[in-house]
Structures are given as C-alpha cells and as structure tokens.
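# Coordinate inspection notes
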Amino acid sequence: MKKRNKRIIGIFFGMIGAGIAVYLILSAFERNLMYFYSPTEIAAGHAKDRDSFRVGGLVVENSVLRSPNTLEVSFVLTDLKSNQPVRYKGILPDLFREGQGIIANGSMGSDGTFNAFEVLAKHDENYMPPEIADTLHLEKPHGPK
Amino acid sequence: MIPELGAFFLVLSLSLVLFQISSLLIGALSDSAIWINLGRRALYAHAVAIIISFALLSYCFATNDFTVKYVSMNSNTLLPLQYRLSAVWGAHEGSLLLWIMILSIWIVAFALFSSSLPKKFVAWTLIFAGIISLGFILFCIFTSNPFIRQIPPPTNGADLNPLLQDFGLIIHPPMLYMGYVGFAISFCCALASLMLKEYTNQWAVWAKNWTLLAWAFLTMGIALGSWWAYYELGWGGWWFWDPVENASLMPWLVGTALIHSLNATAKREVFSGWSLLLAISAFGLSLLGTFLVRSGVLTSVHAFATDPARGIFILLFIVIVVGGAFLIYGLKASQINDKGYAFASRESYLLLNSVVLSVVTATILLGTLYPLAIDALNLGKISVGPPYFNAVVIPIMAPLMIFLGIAPLTSWHRDNWSATLHKLKLPLLGTAIFSIALILMLVENLTIRAVIGLVLSVWVIATSLTTLFSKENKISLKRFDGAILGRTIAHIGFAICVIGITLVSYYESTSHLKMGVGDEAQLNNYNFKFASLDNVTGPNYKGVQAIFEVTNKEQKYLVQIPAEKRFYDTRGMTMTEAGIDAGLLKDIYISLGEKIGTEAWSVRLNIKPFVRFIWLGAILMAIGGLVAMGLTPRRAKL
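What you see is a predicted model; the values in this text were computed from it and never measured.

When its secondary structure is counted, chain A shows 3 helices and 7 strands. Listing each helix as α and each strand as β along chain A from the N terminus yields α-β-α-β-β-β-β-β-β-α. For chain A, buried positions account for 31% of its 145 residues. A separation of at least 24 residues holds for 48% of the contacts in chain A among residues at least 6 apart in sequence.

If you want it as structure tokens, here you go:
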C-alpha cells in the first residue's frame, strides 16, 4: 500500500510538472511566433492586425537613403509587384546591398513605413532566403554546386 | 586520373561495406568466428579505402585541379594552402565525405578496442554500424559525388566562402562531426544489446566511454562554432538559436541525458529502457541535424547547397534507421529488467535529469520544426525566434541546476532527506553569503534574472566542491576515482558557462555610432579614439584597417585595437573582421559597419563582460568528460 501511495504521489507531481512545462512552452510559443509577409500581402492588408512581423524582398536600386549625421537609413523593398518603404537605425549587415534579397524584422509605422529593428541578409552572395525566392515566384536559386 | 581514383576508392568502400555487413551477419547468426573475423577485415579495408578517397580529394584541392567541379566551386589559386585543404569540407559534398571517414574511424576504433567484449555483441554492433556507413556512402555516390568532372575547366575557382576562411572553421566541422558520428557507437551498441537479449544492462558499461568521448567532442564542436560566430560574423553574437545551432544542441542535450542515464544503468542496473531510448534518440537527432543542414529546408549560413533529392534521401534514411531502431526496441523491450530504487535516492535525481533534458530537447525540436511544418502545409511563413527559446529553455533549466547541486551528494538506491540536508548545510551557507554579497554589489543595476542565474551557478560550484570532500567520495591518492573528478569538473564547467551567459546577456554595453578618423566616443569607463584608417591587402582580398585607441578614465594608455573591413574579389563579398581585445573578465569588441559619406564609418562598440566564461565552461565540460572516461576503474565483466 505504501509503495503504491508513493507512486501515486510521484505521478501526481510529475503531472503538475509536465502541465507547467506544457503551459510555459505553448504560451511562449504563441507569443513569439514571427509571421512573414511580402510587400504585396502587406498592401492587401494581410498584416494589418500584427504588431510585429517580418517583411522580405529585394532592395530597390537607388532607394537607399542615409541621413548625413545619424545611423538612420531608409530603403524600399519590392517583390516586383508592390513596394514597401522601410526605416532602420543601426548598422546594416555586410551583404546588404541594392538588388540584394533581405528580411526586415519590425512593425508597421502609422505613416505606412515599416520600422525595422533588425535587418537580416544571408552570408553568401548567391544565396537568397527561400521566403523571398517564393515571393518572387522564382525558382529556388541553387547555391554553389 | 586522380579524381577518378578517388571515386573508385569510394565505390570500392561501398562493396567492402556490403561484404562487411553480410559476412558479419552470417557470422553472428551461425556463431562462426571465421566469418566474424572476415567481416572485421572487410571493415578495416573499407576504412582504408575511405581514407584514401578523402586524401585524394584533398590532393585535388592542394593542386588546384579545377576540372573537378567541387574544387572549382570552393577553391581558388589565391587561397592559402591551409584554407584550400580545409575547403575540402567547406561545402556539402566534401563534408559528407568527411562525415563518412569519421564514421569509419569511430567504427574501426570500436572494433580495435572491443577484444574483451563478447564476439557476438561486437558483431551485431558492427553490423548496425555497417548499415549506417552503407546509407551514407550510397548518399554520397548518388547525390553528392565530390569527384564529378567539369570539362572544360574554368581558369580559376570560385573561391571559398570568406566566412569559412578562418582557423575556427578549419576545426569546427571535424570536431562537431566527431561528436555527431560518435553517438553512432552508443546507438549500435544499444541495438546490439536488444538483438542479443543477454546484455540489456551490461551494454551500458561497454558503451559508456564511447558516449563520453563523443559527448566531449560534440561539446567542443558546439563551443568552437559559437566562438567562431562571435568573432567572425562581426557583431559579437555567440548564440542565435539558429535552426542549425539547434540541430547540434539537441543531440548534445540528449547525449548529456544519455551519459547520466548510462552511468546509472552501468552501476545500478536501472533505467535500461531509458538508456536505450536515449541512445537511439541521440543518434536520431544527429541524423536529423544532418538532414536539416543538408536538405536546404533551412535558411542558414550552413545551408550552402540546396537540392531536394538530397533532402528526400536523408529523410528516408532517417525514417528507416530511427524507425527501424524504435521497432527493434518495441519488439524487444519486454526483456528489459530494471532493479527498483527508493524515491529518495540518487536514481530519482538522474531520472529527473533525463526527463528535464528530454523536455528541453522537445521544446527546441518544436520551435525548430514547427515553421517547416507550417510552410510545408502552405499555412503561411513564420519563424520562431530567440525570445521563444529563451522564454522556454531558461525556466526549465533553472530547477535542473538546483537538483544538479543536490544529486552528487545523495546515495544510490536509498537515502534519507535529513542526511542529504545535513550534507548540504555548508554549500547552502556559502551560496547564501555569496547571494547577499552579490545583491549588495549589483544594487545599482540589479536584474532579478541575472541574480538567479549567478546564485544557481554558485550553488552548483559550491555543492560540486563539497562532493570532493564528502565522506563517500573523498579523493585520495590511493583510491583515485576519475568518474567523480570528471563529474565535478564538468559540473563546475557548466556553472561557469552559465555565469558567462548570464553576465554577458544582462550586463553587456553596446553603442552604435558614426565615427571619422580622430573622433572619440565614451562607453562605460572607456574612451574610444578612432586613431587611423589604412588600406590593407591580403592574398585574395583588399580592405581597410581602422585602429582604435582605447583608454580608461585616468587617460592611462590601455590598448590599440585594429578592426578591418575586407572585400573578397572573387566572390564579391564584403566581410567584417572585428577587433577584439580579449580578457578573462571582459572583451572589448569593435567592428566597422559601413562607410557613411566620404569620411565617416558606422562603428559598433561593445564591452562584453565574462563572455570568455562561456567557452571556458564548455572546455571544462569536455575535459570533465574525458577525465571521467580515462580514469574510470574498469568494472568486472560478465
């Protein structure tokens, strides 16, 4: 009997522990998903209800503007159908360039400009993030073979 | 001629591995020592063929043989020799060949050091190992042959990705693979014990050291990757929760659970089922890691070559190997016979360790695979970022550290709470004193989470040191037990790693600003002066080097830090070479952003307290694993 009681207590605490773990995991999961939208989807209003999300596309040629005295920079992302202006303050990654596919993390400003807190470019000049390749309806580019 | 020879040896090794599997199978089923010996010989020949094949590929790189497509894609005549040689594993095909070579080295090592084990057990282990080799060699030959020619050859190669032209990247992949692939030995031993029924507990004794060795390599491999990312990616991050990092962390976590569980199985004949499942999972997750990295489903710096055929092949292979292993487990699990233990005993803590580490692994797996599943089902594109992993992993790991401190002070089989509590008095007192001192010290910028992290680390260190002096464990020259010493070193290493992570996460100072030559900036107590900017030229790049003079408040000269920006012509890639003044207690980290206007640059200044502790802790963990392995007194054989 005693052994059985012990086992029941063990299972009871195990269940509580597992329950807490599952709760923590799922709530953290829910809160931290980042959705990805293309400029066209943003233009169509799909991203309206999201506080923060990711937008990806090619940096439009001659769209990169720097402010002369701060690290502020603005540029336009395109998926060849719609354009999305982006604002960012900070140091851009090495592979950020006009014509390059990049992803910006951030939220939509009231003026329709995307305020990015993070700009990601990949570490290979041949490489295009799959999200952007899909958005552009290109064939997935192959890396060096 | 040389590349064809390389391909020939690759195919030769394929036929040898087939011969190895079949003769060992005949030997194991008919109990014939001759066939088993023949199988062993085939294994040795197979390993030699693979090593020759690998050497020939290296030779193609050394001699700039651009008729080989893989060489022309990843090398260049201007590339220095050491990078030409490490370029062998700079991309998919060659790193796969490296994987296969390391696998055969592990298997040969096992075959050589297993003379005292039962012949049949060894035979079955080598059969399963052969099947894994077979799968990977087939994969290499049919989807990723590195010896394919390209005629006419280009005049020069496309160069190695500049990010990979670095010492850290010469040794990071081999170390990591030594770890990944090493888990194949525990996996094969686990399956062999299931096939033979007799050794369901005994196999743990035999597999323990191999698992420890693989785990130590994996620990070093992950630490090297983190260190490399820190100084090479140019912004000082040391862990990104990138899916590829997760792919290496998951086998590490399960491997950590495995070494603890194996220890209990070997010593007390408990958790046999757990150990078997963990051994299968650790290698399964290593394979999954390979799949994630190589299939191109991930967006990552590592996903250099994407080819759906490769992904499908590895996925099928995982399903067969891991599915088959679980099937064998399911069919044979009834023969497992565990001994009992009391609730208050060291066994309970080890069980807790396994469960917690498995839960952490499951949460990381969820975060890593969920976006892939959603994408595959066309439900949109999402990503799971660092906030999720931090929010989940940290609270689960915190209680683990409390119990990690207690467990080594408890007794096997049966213990009582009051005796344990008595032993914990001293470390509890030490930790309390430290906590108060810490809170007083940090009172100005107190972060509750940082305090928790530090207090838990000190708790682990205090209790670990106490075990060395406790009655049962006392280390004397007469009775020198490597297992206890190794465990203590590894646990202290873990705590040191946590201290580093905590301090650099909560007390790092960063400043992004625009600076021209002659400008000065302040960060914390330091003054940074942009002293000069000069052009530099390397063998395959051009660039600029900025010198920063860092002084402290009293204007006492401190240090000059060079930071570079390089442009690699062949690939057209720009690279940041951060300037780092490394110190045990803090790193000063400076990197150049981009040129703004004609004179100025964007500059990133960082002061990273205790960041070295992260890698120092990892090194201690690996050393602890090796010590526990080398000095364990051998237990009596069955």
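This brings us to the overall build of chain B. Of the regular secondary structure elements, chain B holds 17 helices and 10 strands. In terms of overall dimensions, chain B is globule-like: its C-alpha atoms have a radius of gyration of 26 Å, near the 26 Å expected for 638 residues. Along the three orthogonal principal directions, the C-alpha set of chain B runs to about 80 × 75 × 55 Å. Every one of the 638 residues in chain B was classed for burial, and the buried ones make up 53%.

Turning our eyes to something else, we now look at the nonpolar core. In terms of nonpolar packing, the biggest core is built from 182 residues, with Ile100(B), Leu103(B) and Ala184(B) touching the most fellow members. Here the element with the most residues in this core is helix H8 (residues 202-232) of chain B; it accounts for 19 residues. Core analysis: the second largest hydrophobic core is formed by 23 residues, Leu58(A), Val59(A), Val73(A) and Ile103(A) among them.

Right, let's talk about the environment of Leu352(B) for a bit. The topology assignment puts Leu352(B) in helix H12 (residues 346-376). Along the sequence, Leu352(B) and Tyr341(B) sit 11 residues apart, while their C-alpha atoms lie 14 Å from each other.

Attention shifts here to the confidence of the model for chain B. Residue and element names in this part refer to chain B. Chain-level pLDDT for chain B is 87 on average; 95% of the residues reach the 70-or-more range. Element-level mean pLDDT values for chain B span from 80 in strand S1 (residues 381-384) up to 95 in helix H2 (residues 33-62). Every residue in residues 300-305 is under pLDDT 50, and counting partners more than four places away or in other chains gives 22 contacts. Overall, residues 634-638 carries pLDDT values under 50, and its contacts beyond four positions in sequence, including any with other chains, amount to 3 contacts. Interface confidence for the predicted complex, given as ipTM, is 0.76, next to a pTM of 0.90.

Taking 1.5 Å per residue as the helical rise, helix H1 (residues 2-30) of chain B with its 29 residues ought to reach 42 Å, and the 42 Å between its terminal C-alpha atoms agrees with that figure. Immediately downstream of H1(B), the backbone of Asp31(B) shows phi near 60°, a positive value.

On to helix H13 (residues 386-406) of chain B. Here H13(B) is 21 residues long and its end C-alpha atoms lie 30 Å apart, about the 30 Å a rise of 1.5 Å per residue gives. All buried positions along H13(B) are accounted for by Tyr388(B), Phe389(B), Val392(B), Val393(B), Leu404(B) and Gly405(B).

Okay, the packing of H2(B) against helix H6 (residues 119-143) of chain B next. All names here are of chain B. Running from N to C, H2 and H6 point in directions that differ by 40°, and their axes come no closer than 11 Å. It follows that H2 is oblique to H6 by the angle criterion. Helix-helix and strand crossings are classified by hand; for H2 and H6 the assignment is left-handed. Residue-level contacts link Ala33, Ile36, Gly39 and Leu43 of H2 to Lys119, Ala123 and Leu126 of H6. Residue composition of the contact of H2 with H6, by class: 5 nonpolar, 1 polar and 1 charged.

The next thing to look at is the sheet that holds strand S2 (residues 509-515) of chain B. Residues and elements named next belong to chain B. Strand order in this open sheet of 4 strands is S2-S10-S9-S8, and the pairing throughout is antiparallel. Bordering the open sheet on either side are S2 and strand S8 (579-581), each of which pairs with just one other strand. The mean inter-strand angle of the sheet, taken between neighbouring strand axes irrespective of direction, is 15°. Across 9 bridges, strand S9 (residues 586-596) lies against strand S10 (residues 600-609) in antiparallel orientation. What sits directly across from Ile590, in S10, is Leu605.

Conventions used here
Residues numbered from 1 in each chain as written. Chains lettered and ligands numbered in written order. Predicted model: local features only at pLDDT ≥ 70, side-chain atom pairs only at ≥ 80, totals over all residues. Helix = DSSP H or I, 4+ residues; strand = E, 2+ residues; numbered from the N terminus. Buried ≥ 20, exposed ≤ 12 C-beta atoms within 10 Å, placed from the backbone. Contact = placed C-beta atoms within 7 Å. Rg over C-alpha atoms; globule rule 2.2 N^0.38 Å. Core = buried A, V, L, I, M, F, W, Y, C linked by C-beta atoms within 7 Å. pLDDT = per-residue confidence, 0-100. Expected span 1.5 Å × (residues − 1). Axes fitted to C-alpha atoms, helices over the stretch in contact; angles between N-to-C directions. Parallel < 35°, antiparallel > 145°, perpendicular 65-115°, else oblique. Left-handed = near helix turned anticlockwise from the far one by under 90°. Nonpolar A, V, L, I, M, F, W, Y, C, P; charged D, E, K, R; others polar. Pairing = 2+ DSSP bridges.

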